[in-house]
Number of protein chains: 2
Amino acid sequence: MDQILQSFSVNFNYKVVFTEQIFSNENAVLSGLLISSSSRSKLLFVIDKGVLDHHPSLERQIRQKWNGIKNIELIQDFIITDGGEAVKNSTVLFDQIIQSIDTHTIDRHSYIVAIGGGAVLDVVGYAAAVAHRGIRHIRIPSTVLAQNDSGVGVKNGINYKGKKNFLGTFAPPFAVINDSHFLTTLSDRHWRSGIAEAIKVSLIKDAEFFNWLELNATALNNRDLDAMKQLIRRCAELHLQHIAGGDPFEKGSSRPLDFGHWSAHKLEQLSGFDILHGEAVAIGMALDTMYSTLSGKLPEQDCKRILSLLRTLGFSVTHPLLSNASAKVLEGLNEFREHLGGELTIMLLNTIGKGEEVHEMKEELILQSASKLAAHGK
Amino acid sequence: MDQILQSFSVNFNYKVVFTEQIFSNENAVLSGLLISSSSRSKLLFVIDKGVLDHHPSLERQIRQKWNGIKNIELIQDFIITDGGEAVKNSTVLFDQIIQSIDTHTIDRHSYIVAIGGGAVLDVVGYAAAVAHRGIRHIRIPSTVLAQNDSGVGVKNGINYKGKKNFLGTFAPPFAVINDSHFLTTLSDRHWRSGIAEAIKVSLIKDAEFFNWLELNATALNNRDLDAMKQLIRRCAELHLQHIAGGDPFEKGSSRPLDFGHWSAHKLEQLSGFDILHGEAVAIGMALDTMYSTLSGKLPEQDCKRILSLLRTLGFSVTHPLLSNASAKVLEGLNEFREHLGGELTIMLLNTIGKGEEVHEMKEELILQSASKLAAHGK
């Protein structure tokens, strides 16, 4: 048999910048990124309506900043979209972006800039990744969750046929700009929700960071912006390290930075996305923490500390769906297996800061974990 | 300004296998590829109807070979599709594949095997690339063109809003299997059409290969399968080297292995895809060869040899559209610029075996080149 083994590596680089008031006159971050990279480019903005509601001068600021700039053509038709998970459940926004790319002949050396929460960034990332086989996209995440987790990573996607992220790609962004000013106008619920992913990373990667979270829980509850900026910086850094050091496009059997997510995805969906992602992750982590302890992996003392931190930060550690629709929640395990491909792989905890992957979870023990959490209330 | 520079490399490997009668009992190529890579996988087949018409026992062979094989679940519902460029002009096949992935819970460790011409492979590749962010796909190209060019590469796509490959990704296949048996049933027109890409590669990369093509033109005209296998082997090899040695995902300004394609894409489209891709490429190469000579880059002697080889192999070197719709053909230059992004880059010839990239083409000289070719007839 005659064969050729094709083999090559592709290098990916992108900057994750931490700044404030990205569209103010003085802030040169975005123009620095653009001008250093291309001679003549178009710039298409897609903006989450939720961000505009709280920052009504944003559109004007962007136009002022970019009109008349040499080498840049600002596309005047901004795409303004609803935010939240619902935007991923249809192809409306995806189609709108593709249409705009067509109408304005946006090419591969142009930029699509998305400002918004994780859901909007996911849809824009997907559209940018497949149009002309990949247009540069710049993410400006507006929520804690997007700034410390999904927004700095390499995944995008939309939900399809009722399955989360059924369509999507691995496509590193051109750049990510984390602007802390957007965090000041988040609702308390969204502020808190994003903290869940930081707890997650600390639990499986960084015990020191968990200690820091315990020490700073009150500051975070009081919406201390400096504490939140530190949290985001550390969480994003750990996330980026995990991607670069592992299997960025998840080709093998190695897993993303994951804990408590199999049930979280299902809870979000079963609640019709009434439960925010971070809130679902908090419940999912509580469940898998309890499971880790009941299955003899995690010391009870650690379990208590984890549940206590979650409660201190205002998270619920249980949800009526876990008892009322437990069979449906358990389906989440199968969907998780299917989405990952092949074998089920679930992260449990050995101690705070150290996870262990298992390939089976016992349904009975999951239900027992859920009952114990329900019994403790909230 | 605080920033993190994220940087990582992703390794891609795939085998391009040259074999015969891949689904015969004795041939173990495909099972070797599968079994070495996964413990329990599903296998979804998508087959070009044109291939089935000429190989009516194919379906039965596949079922015999794969039913009851350990660790493999053959999905019984094969997807049978029309072939040809038309299949890329709608989302029907794409949707059908996504639906099947959903229905049969095909996961990322499963395989989608596509058997067919380049158009079918492109659509299947795209669907496989975006479902669950990438399902393994195996290409079994059935035409000369797909075996020596598109099928061994890393691109996929569908046409959308009237633009060729408007939606698509760069996604290396899991493996490519070039089965020479499929070539024996090609029409003369399709047999010949695929030779155009071999001429293309020889012109910009390999003068020796061009000499070989001249020497073997008669054998190729007589449908000598051994000559064709050699042609495909060398052409695929040069194509793979170009991808691995350059910029596989075309992120920079470097270009794919391209010559004569800007007008070829447009001619195909304007003819409603009556002109086959290879036929269009032959005309496009003749045009850019003449242009290279008229602009003083290419010796007239080389121009004559090239046109002569094209004619000997039965290609037309001109087309009524070039005079009747020349303005529309010239639009192809702009569309090419847009698709590549940024600057126009066109490959011209300095000599046989050596190209030179230019960033401008003079319309008048293009029209003059077209007239000269038309005057020579055919």
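This text goes with the structure placed above it.
A brief report on the enclosed structure follows.

About the cut-offs
Residues numbered from 1 in each chain as written. Chains lettered and ligands numbered in written order. Predicted model: local features only at pLDDT ≥ 70, side-chain atom pairs only at ≥ 80, totals over all residues. Heavy atoms only, no water. Helix = DSSP H or I, 4+ residues; strand = E, 2+ residues; numbered from the N terminus. Rg over C-alpha atoms; globule rule 2.2 N^0.38 Å. Buried < 20%, exposed > 50% of the residue type's maximum accessible area, 1.4 Å probe, protein only. Contact = heavy atoms within 4.5 Å. Lys, Arg positive; Asp, Glu negative; His and termini not counted. Charge placed at Lys NZ, Arg CZ, Asp CG, Glu CD. Polar contact = N/O pair within 3.5 Å; in protein donor to acceptor, adjacent residues only side chain to side chain. Core = buried A, V, L, I, M, F, W, Y, C linked by side-chain atoms within 4.5 Å. Least-squares fit on C-alpha atoms with pLDDT ≥ 70 in both. Axes fitted to C-alpha atoms, helices over the stretch in contact; angles between N-to-C directions. Parallel < 35°, antiparallel > 145°, perpendicular 65-115°, else oblique. Left-handed = near helix turned anticlockwise from the far one by under 90°. Nonpolar A, V, L, I, M, F, W, Y, C, P; charged D, E, K, R; others polar.

Notes on the overall build of chain A
- Scanning chain A for helices and strands turns up 17 helices and eleven strands.
- For 378 residues, the compact-globule estimate of 2.2 N^0.38 gives 21 Å, and the C-alpha radius of gyration of chain A, at 21 Å, lies within 12% of that figure.
- The dimensions of chain A, computed from C-alpha atoms along their principal axes, are 65 × 65 × 35 Å.
- With 378 residues in all, chain A has 60% of them scored as buried.
- Sequence separation of 24 or more characterises 76% of the internal contacts of chain A that already satisfy a separation of 6 or more.
- Taken together, the 38 basic and 42 acidic charged side chains of chain A have centroids lying 2 Å from each other.

Side note on the environment of B:Lys161
- Here B:Lys161 is to be found in the loop between strand 7 (158-160) and strand 8 (163-167).
- As for B:Lys161 and B:Ser90, which are separated by 71 residues in sequence, their C-alpha atoms are 9.4 Å apart.
- Not counting residues up to four positions away in its chain, the partners in contact with B:Lys161 are A:Ile98, A:Gln99, A:Asp102 and B:Phe166.
- Separated by 2.6 Å, the side chains of B:Lys161 and A:Gln99 make a polar contact.

Here's the deal with the nonpolar core
- A:Leu231, B:Ile199 and B:Leu231 are the most contacted members of the largest nonpolar core, which totals 163 residues.
- Setting aside residues no more than four positions away along its own chain, B:Ile199 makes contact with B:Phe210, B:Leu213, B:Met285, B:Leu309, B:Leu310, B:Leu313 and B:Phe315.

Here we look at the relation of the copies chain A and chain B
- The operation relating chain A to chain B is a screw motion whose rotation component is 180°, with 0.0 Å of axial translation and a residual RMSD of 0.0 Å. Such values leave the two copies arranged in the relation of a two-fold axis. Ranked by how close their C-alpha atoms come to the rotation axis, the residues of chain A are headed by A:Val10, at 2.7 Å.
- Both copies present the same face, since 100% of the interface residues in chain A are matched by interface residues at the equivalent positions in chain B.

Remarks on the packing of helix 9 (residues 207-215) of chain B against helix 11 (residues 225-245) of chain B
Residue and element names in this part refer to chain B.
- Two elements in contact, helix 9 and helix 11, have axes separated by 12 Å at closest approach and are oriented at 160°. On the basis of the axis angle, helix 9 is roughly antiparallel to helix 11. In the crossing of helix 9 with helix 11, the sense of the turn from one axis to the other is left-handed. On the side of helix 9, the interface is formed by Phe209, Trp212 and Leu213, while helix 11 contributes Ala227, Gln230, Leu231, Arg234, Cys235 and Leu238.
- Tallied by class, the residues present in the contact of helix 9 with helix 11 amount to seven nonpolar, one polar and one charged.

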